[in-house]
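Breakdown of the fold
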Amino acid sequence: THSYGTLLLPAWYLLKLLGTALLFFALVIEARRMGKEKLLKALQYTLLIAASLQAGVAIIQFFTQHSVGLKFLGEGVINASKQIGSGFSVSDGNRWLLDAVFHFKRATTFVVRSQGTLDHPNHLGIFLVAGLTALTSLYLKAQKKERILLASLFFILFFALVTTFSRASLFTWI
């Protein structure tokens, strides 16, 4: 007798690959229907909205130093007081320059890196870099009123990027 349980994981990966292929073909068809420029702008705004939501979660995680409670969206468990999650220890409990700027003192010396609803802070960092890239492209083509909103979103996304403490993402953006 054969156990079908060993086939579930490869089947899941095949299903994910087929889903990605279907998405690609749907985008190709949509690009032909509505035009490449319009589709590109729609995709950039979609990426920007998703990055902004992730940035909001990351900023909350940074200031609270624990999970927000979005497990149903894939948020991992992080908790600075129990040293759960990707983080590091600092001697005085200050989180880099940000605690000094906001005059915030903590009881624990362990600092949790923001990760949003993604698996790791570096994954969030590169996602935010993609969002910042889309934002920059939209900003360069935007009118004056739209530029004000995009500029404020830039600072939110960049602040969230800093809270990930992802050096690779920061250097990628710079």
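To be clear, the structure that these remarks concern was listed above.
Only a predicted model underlies this, so the values are computations on that prediction, with no experimental measurement involved. Every chain is numbered on its own, with residues counted from 1 as its sequence reads. Where totals are concerned, whole chains, interfaces and linings use all residues; where local detail is concerned, this predicted model gives features only for residues with pLDDT of at least 70, and gives and counts side-chain atom pairs only at 80 or more. To get the side-chain values, take all heavy atoms of the structure and skip hydrogens and water.

**Describing the overall build of the chain**
- Secondary structure counts use DSSP, requiring at least four H or I residues in a row for a helix and at least two E residues in a row for a strand, with both numbered from the N terminus. Each helix and strand counted, the chain has 6 helices and 2 strands in total.
- Secondary structure elements of the chain occur, N-terminal to C-terminal, as α-α-β-α-β-α-α-α.
- Of all 174 residues assigned to the chain, the portion counted as buried reaches 34%.
- As displayed, the chain has an accessible area near 11,300 Å², and 70% of this comes from carbon and sulfur atoms. With a 1.4 Å probe rolled over the protein chains alone, any residue whose accessible area is under 20% of its type maximum counts as buried; one over 50% counts as exposed, and the rest are partly exposed. To measure how exposed things are, a 1.4 Å probe is used in the Shrake-Rupley method; for residues, cover is taken only from the protein chains shown.

**With respect to helix α1 (residues 8-34)**
- By this rule, a helix spans an expected 1.5 Å times one less than how many residues it contains. An ideal rise of 1.5 Å per residue puts 39 Å on 27 residues; α1 measures up with 38 Å between its terminal C-alpha atoms.
- Remark: Gly35 follows α1 within two positions and exhibits a positive phi of approximately 95 degrees.

**Quick notes on the side chain of Gln44**
- You can see Gln44 is positioned in helix α2 (residues 36-64).
- There is a polar contact of 2.9 Å between the side chain of Gln44 and the side chain of Ser137.
- Between two residues, a contact is recorded if the distance between any of their heavy atoms is within 4.5 Å. Apart from the residues lying within four places of it in its own chain, the contact partners of Gln44 are Ala134, Ser137 and Leu138. Here a polar contact is recorded for every N or O atom pair within 3.5 Å, except that within protein the pair must consist of a potential hydrogen donor and a potential acceptor, and residues adjacent in sequence are included only if both atoms are side-chain atoms.

**Structural notes on the nonpolar core**
- Judged by nonpolar contacts, the single largest core of 22 residues is most densely connected at Leu48, Leu128, Leu150, Leu157 and Ala160.
- Elements with a minimum of two residues in this core: α2, α4 (121-141) and α5 (144-163).
- Leu150 has contacts with Leu48, Leu135, Leu138, Tyr139 and Ala142, leaving out every residue within four places of it along the chain. Within this scheme, the nonpolar core is defined by two criteria: the residues are buried Ala, Val, Leu, Ile, Met, Phe, Trp, Tyr or Cys, and they are joined through side-chain atoms within 4.5 Å.

**Things to note about a nonpolar patch on the surface**
- Among the surface-exposed residues, Leu9, Trp12, Tyr13 and Leu15 lie close enough to one another that they form a single nonpolar patch of about 470 Å² accessible area.
- Secondary-structure assignment places Trp12 in helix α1.
- The class for Trp12 is partly exposed, based on a relative accessible area of 47%. Note on patches: the residues involved have over 30% relative accessible area and no salt bridge, like charges join within 9 Å, and the nonpolar side chains Val, Leu, Ile, Met, Phe, Trp and Tyr join within 5 Å. For this document, the term salt bridge refers to a Lys or Arg side-chain nitrogen within 4 Å of an Asp or Glu carboxyl oxygen.

**Some thoughts on unusual backbone geometry**
- In this structure, Phe165 is a non-glycine residue whose phi angle is positive, near 55 degrees.
- Position of Phe165 among the secondary structure elements: in the loop between α5 and α6 (167-173).

**Considerations on the packing of α2 against α4**
- Lines fitted to the C-alpha atoms define the axes, with helices restricted to the stretch that makes contact. Angles between their N-to-C directions range from 0 to 180 degrees. At a minimum axis separation of 8 Å, α2 and α4 run at an interaxial angle of 135 degrees. When the axis of α2 is compared with that of α4, the two are oblique. Regarding α2 and α4, the two cross each other, and that crossing is left-handed. The residues of α4 that touch α2, namely those facing Glu37, Lys41, Gln44, Tyr45, Leu47, Leu48, Ala50, Ala51, Gln54, Ala55 and Ala58, are Leu124, Phe127, Leu128, Ala130, Gly131, Ala134, Leu135, Ser137, Leu138 and Lys141.
- Class assignment of the residues belonging to the contact of α2 with α4 gives a composition of 14 nonpolar, 4 polar and 3 charged. An angle counts as roughly parallel when it lies under 35 degrees, as roughly antiparallel when it exceeds 145, as roughly perpendicular when it falls between 65 and 115, and as oblique in every other case. Definitions for this section: a left-handed crossing has its near helix turned counterclockwise from the far helix by less than a right angle. A right-handed crossing has that turn clockwise. Note that Gly is not counted as nonpolar here; it falls among the polar residues with everything else outside the nonpolar set of Ala, Val, Leu, Ile, Met, Phe, Trp, Tyr, Cys and Pro and the charged set of Asp, Glu, Lys and Arg.

**What about the packing of aromatic side chains?**
- Aromatic rings from Phe, Tyr and Trp, taking only the six-membered ring of Trp, are treated as a pair when their centres fall within 6.5 Å; an angle between ring planes under 30 degrees marks them as stacked, one over 60 as edge-to-face, and anything in between as tilted. The full count for this structure, using the stated rule, is 8 aromatic pairs.
- Measuring from centroid to centroid gives 6.2 Å for Phe154 and Trp173, while their planes differ by 50 degrees, and the two rings are tilted. Taken together, the residues span a long stretch of sequence, with Phe154 in helix α5 and Trp173 in helix α6 at a distance of 19 residues.
- Trp173 gets classed as partly exposed once you look at its relative accessible area, which sits at 22%.
- Joined through ring pairs, the aromatic side chains of Phe62, Phe63, Phe159 and Phe165 make up one cluster.

By themselves, these observations are geometric and do not establish any function.
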